[in-house]
Amino acid sequence: MRKKEEIEKIAELFARFRAEVENLNSLNLYDINIHAENVIIPILNIVYGLNLVNINNEVKNSSAIDLVDTDNRIAIQVTSTATGEKIKHTIDEFIKKEGVLKNTIICLYIL
């Protein structure tokens, strides 16, 4: 029974976090989006066995990707705006991307 309660608590906290992001974004307050990138890193690393790092710590406001795992050759764009236009823009920027990651990353996820 304890496991069920823990899962329900996690779901509740994620729902609350999502609502908070949506509310702050509707007020044009986007700082929480930056924090969300860092909050999600250890969760994804543990759940999926990844070694993600926040690329924005090295390249400020990277245009197409936020998180990178060069060992597993994946990149992740964390967004609170999952519209078709945003996804197309992210993919276009990822394809155009120059530099060291261009030939390193083979898979892009948009969360």
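In the block above lies the structure referred to throughout.
These figures come from a predicted structure and were not determined experimentally. (Residues numbered from 1 in each chain as written. Predicted model: local features only at pLDDT ≥ 70, side-chain atom pairs only at ≥ 80, totals over all residues. Heavy atoms only, no water.)

1. Digging into the overall build of the chain
Phase 1 of the analysis: Looking only at helices and strands, one finds three helices and four strands in the chain.
Phase 2 of the analysis: Each helix and strand of the chain, ordered N terminal to C terminal, gives the series α-α-β-β-β-α-β.
Phase 3 of the analysis: In terms of principal-axis extent, the alpha carbons of the chain reach across some 50 × 35 × 25 Å.
Phase 4 of the analysis: When each of the 111 residues of the chain is scored for burial, the buried share is 28%.
Phase 5 of the analysis: Contacts spanning at least 24 positions in sequence make up 44% of the contacts within the chain whose residues lie at least 6 apart.
Phase 6 of the analysis: A total of about 7,900 Å² of accessible surface is found on the chain, and carbon and sulfur atoms cover 58% of it.
Phase 7 of the analysis: A gap of 2 Å separates the mean positions of the 13 positive and 16 negative side-chain charges of the chain. (Helix = DSSP H or I, 4+ residues; strand = E, 2+ residues; numbered from the N terminus. Buried < 20%, exposed > 50% of the residue type's maximum accessible area, 1.4 Å probe, protein only. Contact = heavy atoms within 4.5 Å. Areas by Shrake-Rupley, 256 points an atom, 1.4 Å probe, with all protein chains shown as cover. Lys, Arg positive; Asp, Glu negative; His and termini not counted. Charge placed at Lys NZ, Arg CZ, Asp CG, Glu CD.)

2. Notes on the packing of helix α1 (residues 2-26) against helix α2 (residues 31-48)
Phase 1 of the analysis: For the pair α1 and α2, interaxial distance at closest approach is 11 Å and the crossing angle is 160 degrees. Between α1 and α2, the angle is such that the two are roughly antiparallel. α2 is crossed by α1, and the crossing has left-handed handedness. Residues Phe14, Phe17, Glu20, Val21, Leu24 and Asn25 of α1 form the contact with α2, whose own contacting residues are Ile32, Asn33, Ala36 and Ile43.
Phase 2 of the analysis: For the contact of α1 with α2, a count of residues per class yields seven nonpolar, two polar and one charged. (Axes fitted to C-alpha atoms, helices over the stretch in contact; angles between N-to-C directions. Parallel < 35°, antiparallel > 145°, perpendicular 65-115°, else oblique. Left-handed = near helix turned anticlockwise from the far one by under 90°. Nonpolar A, V, L, I, M, F, W, Y, C, P; charged D, E, K, R; others polar.)

3. Considerations on the pattern of salt bridges
Phase 1 of the analysis: Counted according to the given criterion, the structure contains six salt bridges.
Phase 2 of the analysis: Close ionic contact of Arg2 with Glu6 constitutes a salt bridge, the shortest N to O distance being 3.3 Å. Here Glu6 and Arg2 lie together in helix α1, a separation of four residues that amounts to about one turn.
Phase 3 of the analysis: Salt bridges sharing partners connect three or more residues here, namely Lys9, Glu12 and Arg16. (Salt bridge = Lys/Arg side-chain N within 4 Å of Asp/Glu carboxyl O.)

4. Details of the environment of Val68
Phase 1 of the analysis: Checked against the element boundaries, Val68 lands in strand β2 (residues 67-69).
Phase 2 of the analysis: For the pair Val68 and Asn56, spaced twelve residues apart in sequence, the C-alpha to C-alpha distance is 9.8 Å.

5. As for the sheet that holds strand β1 (residues 53-54)
Phase 1 of the analysis: Read across the sheet, four strands follow the order β1-β2-β3-β4 without closing on themselves; strand pairing throughout is mixed. The strands lining the two open edges of the sheet, one partner per strand, are β1 and β4 (107-110).
Phase 2 of the analysis: In terms of strand pairing, β2 meets strand β3 (residues 74-77) through three bridges, oriented antiparallel. Its bridge partner lying in β3, Val68 is registered against Ala75.
Phase 3 of the analysis: In this fold helix α3 (residues 84-96) packs onto β3 and β4, with an angle of close to 155 degrees to the strand it touches most, β4. (Pairing = 2+ DSSP bridges.)

6. Here we look at a nonpolar patch on the surface
Phase 1 of the analysis: On the surface, Ile10, Phe14, Val39, Ile43, Ile46, Val47 and Tyr48 cluster together into a nonpolar patch covering about 730 Å² of accessible area.
Phase 2 of the analysis: The element contributing the most residues to the nonpolar patch is α2, with five residues.
Phase 3 of the analysis: Mapping Tyr48 onto the fold places it in helix α2. (Patch = residues over 30% accessible without salt bridge, like charges linked within 9 Å, V, L, I, M, F, W, Y side chains within 5 Å.)

7. Some remarks on the nonpolar core
As a rule of thumb, nonpolar side chains are buried together in soluble globular proteins.
Phase 1 of the analysis: Ile41, Leu44, Leu50, Leu52, Leu67, Ile74, Ile76 and Val78 together form the largest nonpolar core, which totals eight residues.
Phase 2 of the analysis: Secondary-structure elements contributing two or more residues to this core are α2 and β3.
Phase 3 of the analysis: Those residues within four positions of Leu50 in sequence are excluded, and the remaining contacts are Leu44, Asn45, Asp69, Asn72 and Ile74.
Phase 4 of the analysis: Listed in part, the six residues of the second largest apolar core include Ile55, Ala64, Ile65 and Ile105. (Core = buried A, V, L, I, M, F, W, Y, C linked by side-chain atoms within 4.5 Å.)

Take it as geometry only, folks, not as evidence of what the structure does.
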